[in-house]
Amino acid sequence: MKRYLLVVILLVVNSVGGLAQAYKMHTVFIFSFTRYIQWPDNYNGGDFEILVLGDSPIVDELKSMAQVKKVGDRNIKVTRINAPSEIRKCNILYIPASKSAEIADVLGKVMAQSILVVTEEPGLGAKGSNVNFITKDGKLAFELNQSAALKQGLKISNELSRLAILI
């Protein structure tokens, strides 16, 4: 059933165009990832927090999603931060393309933490991002760096791995 749901999401994503729609679909993916990734126990209390580095249209999309969705019984909290120095314990850190140049600083800051790092710039999956959104054959897809995720204590389900482009 979970695999079927993710396949349906992928089909919907592939049928929708435009930048605004792309960020809506990024948000759908991100919410779906919460079902296929397991964080360590000490990351499972309180609000499910998503940090976004810098300005991005995804902030509004994520906040809209957070008003109507939960991760299990946890509320979703979305916070925009300005610099890697502001990164703190959270569940997901989203780095938009406009902040891709800061990937080394970001990864240095989160290396010992169980934070899912999500990016949207070609090549960042190979540089250590856990999930990297790309366009493949004109369609939204995602790369998955399982090695980086495992080093950060994140467990990725086989269903998610099968749908990803593995790095």
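Report on the accompanying structure. (Residues numbered from 1 in each chain as written. Predicted model: local features only at pLDDT ≥ 70, side-chain atom pairs only at ≥ 80, totals over all residues. Heavy atoms only, no water.)

In space, the 8 strands of this open sheet follow the order S3-S4-S2-S5-S6-S7-S8-S10, with mixed pairing throughout. The sheet is open, and its two edges are formed by strand S3 (70-71) and strand S10 (165-166), each paired on a single side. In terms of strand pairing, strand S8 (residues 139-144) meets S10 through 2 bridges, oriented parallel. Following the sheet pairing, Glu143 is matched in S10 by Ile165. Packed on one face of the sheet, helix H4 (residues 103-110) meets strand S2 (48-53), strand S5 (92-95) and strand S6 (116-119) and runs near 170° to S5. (Pairing = 2+ DSSP bridges. Helix = DSSP H or I, 4+ residues; strand = E, 2+ residues; numbered from the N terminus. Contact = heavy atoms within 4.5 Å. Axes fitted to C-alpha atoms, helices over the stretch in contact; angles between N-to-C directions.)

Below, the discussion takes up the environment of Arg35. With respect to the helices and strands, Arg35 occurs in helix H2 (residues 19-36). Overall, Arg35 belongs to the partly exposed group, its relative accessible area being 41%. Each C-alpha atom of the pair Arg35 and Leu160 lies 9.3 Å from the other, and the pair is 125 residues apart in sequence. (Buried < 20%, exposed > 50% of the residue type's maximum accessible area, 1.4 Å probe, protein only.)

What follows concerns helix H3 (residues 58-68). Every buried residue of H3 is accounted for by Ile58, Val59, Leu62, Met65 and Ala66. Along the axis of H3, the buried positions cluster into a sector of 130°, meaning they face one direction only. Pointing more than 90 degrees away from the buried face of H3 are the exposed residues Asp60, Gln67 and Val68. (Arc of directions from axis to C-beta.)

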